[in-house]
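In case you want the letters, here they are:
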Amino acid sequence: MATSYHSRSNSLPSRQHPLASQIDENLSRLRASEAASTSSSIGQKINGLQDLHECVDMLLQLPLTQQALAQEQHRECVEELLDGSLMVLDVCSIAKDALLQIKDCTQELQSILRRRQGLEGLVDEVRKYLTSRKAIKKAICKALKNLKQMETKFNNDGENGDVISILREVEAVTVRVLRSLLSFVSGPDAESKLCRWSLVSKLMNKKRVGSVEEEQKTNEIANAEAALCSLIKSDNIKNIENVQNVLQKSELCIQDLEEGLESLYRRLIKVRVTVLNVLNC
């Protein structure tokens, strides 16, 4: 072909394109909410990622985008993005598995607590749950290290055209949201668990409605773990009702995160397939 691509505006769609502008708006909203780490805020960020990746897929469907990305000069960058998307999908799978495992254990514990009148036999089941949590945290720790390596790569990226730049920014924000999710699921350090449960228990026993600030600091999954640790340490049957309530809140939290993550996972796959199809054309 006689056509040559000497400038970015001719080789890749401009950031002034309506879809690119919409992506930038979504990116800005997600960046603005990075500090928030409650279950509801993380759920909102996951929903925001769904919208973001839906826009990305529409941008990738544009003929000009596909023609430009298929050029040899962009192939290396596109292949790096594909490698990154594969790692993101792996991390999503780890998060999905972790949530499913915690939910299954939580439901089993709730069933046991409903059936039994006392603590007899419950301690073993609680220990199984805590052992499962340790394995989950180990897998999450490994995933977080992988995400940290990806973030280091983002800091070293240069300018490679508008769409390439957009895709890298989308990947970077996706990684940060997933890191926030994994940190939430993993929970705080073990030494802070009993202090956390002491506060939660005090609020529940006094039937106080916590302030917005206190509510925002709640981690339902960590509270459930702390409550179970407290239960087997205190050997007090009076704590069972409170533990049941905390486990129920944890299950609802997990269910919401699961649903959002599953939808995000499907959109990530959709975008990856679109890029692969562009390269294989």
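Predicted, not measured: the structure shown is a model, and the values here were computed from it.

Peer 1: Before we move on, could you go through the environment of Leu 82 and cite the residues and values that matter?
Peer 2: Turning to its location among the elements, Leu 82 is positioned in helix α5 (residues 72–115). The contacts of Leu 82, once residues within four sequence positions are left out, are Arg 272, Val 275, Leu 276 and Leu 279.

Peer 1: Can you break down empty space enclosed by the protein residue by residue, with the values?
Peer 2: One pass over the structure, following the stated rule, counts one cavity of 30 Å³ or more. Put simply, the largest cavity is a space of about 260 Å³. Taken together, 16 residues make up the lining of the largest cavity; nearest its centre are His 53, Leu 81, Ser 85, Glu 171 and Val 271. Listed by contribution, the elements that provide at least two residues to the lining of the largest cavity are α3 (39–60), α5, α7 (162–186) and α11 (240–280). The leading source of residues in the lining of the largest cavity is α5, at six residues. Split by residue class, the lining of the largest cavity holds 11 nonpolar, three polar and two charged.

Peer 1: I'd like a description of the nonpolar core, backed by residues and values.
Peer 2: Formed by 72 residues in total, the largest nonpolar core has its most connected members in Ile 23, Leu 178, Leu 181, Val 185, Ile 221, Leu 257 and Leu 261. Listed by contribution, the elements that provide at least two residues to this core are α2 (18–32), α3, α5, α6 (122–155), α7, α10 (220–234) and α11. Filtering out sequence-adjacent residues up to four positions away, Leu 257 remains in contact with Ser 39, Ile 42, Gly 43, Ile 46, Leu 99, Leu 181 and Phe 184.

Peer 1: Could you give an account of the pattern of salt bridges, with specific residues and numbers?
Peer 2: Counted by the stated rule, this structure contains 14 salt bridges. Of the charged contacts, one joins Glu 80 and Arg 168 as a salt bridge, the two residues approaching to 3.1 Å between their closest N and O atoms. Of this pair, Glu 80 sits in helix α5 while Arg 168 sits in helix α7, placing them 88 residues apart in sequence. On the basis of relative accessible area, Arg 168 is assigned to the buried category, the value being 10%. For Lys 96, the salt bridge is made with Glu 262, and the minimal N-O distance between the two is 2.9 Å. Taken as a pair, Lys 96 in helix α5 and Glu 262 in helix α11 lie far apart in primary sequence, 166 residues in all. Taking relative accessible area as the criterion, Glu 262 reaches 29% and is therefore assigned partly exposed. Beyond isolated ion pairs, a larger network of salt bridges with shared partners links Glu 54, Asp 57, Arg 267 and Lys 270.

Peer 1: Account for the packing of α5 against α7, with residues named and values stated.
Peer 2: When two helices pack together, their arrangement is given by the angle between their axes and by how far apart the axes lie. The interhelical angle for the contact between α5 and α7, taken along N-to-C directions, is 20°, at an axis separation of 10 Å. As the angle between them shows, α5 and α7 are arranged roughly parallel. When you trace α5 past α7, the crossing you get is left-handed. Grouping the amino acids of the contact of α5 with α7 by side-chain chemistry returns 17 nonpolar, four polar and three charged.

Rules used in this analysis
- Residues numbered from 1 in each chain as written.
- Predicted model: local features only at pLDDT ≥ 70, side-chain atom pairs only at ≥ 80, totals over all residues.
- Heavy atoms only, no water.
- Helix = DSSP H or I, 4+ residues; strand = E, 2+ residues; numbered from the N terminus.
- Contact = heavy atoms within 4.5 Å.
- 1 Å grid on protein atoms, 1.4 Å probe; cavity = no way out; pocket = protein on both sides within 12 Å on 5 of 7 lines; lining within 4 Å.
- Points joined across faces, edges and corners; volume = space filled by probe spheres on them.
- Nonpolar A, V, L, I, M, F, W, Y, C, P; charged D, E, K, R; others polar.
- Core = buried A, V, L, I, M, F, W, Y, C linked by side-chain atoms within 4.5 Å.
- Buried < 20%, exposed > 50% of the residue type's maximum accessible area, 1.4 Å probe, protein only.
- Salt bridge = Lys/Arg side-chain N within 4 Å of Asp/Glu carboxyl O.
- Axes fitted to C-alpha atoms, helices over the stretch in contact; angles between N-to-C directions.
- Parallel < 35°, antiparallel > 145°, perpendicular 65-115°, else oblique.
- Left-handed = near helix turned anticlockwise from the far one by under 90°.

Any functional reading would require information beyond the geometric quantities listed.
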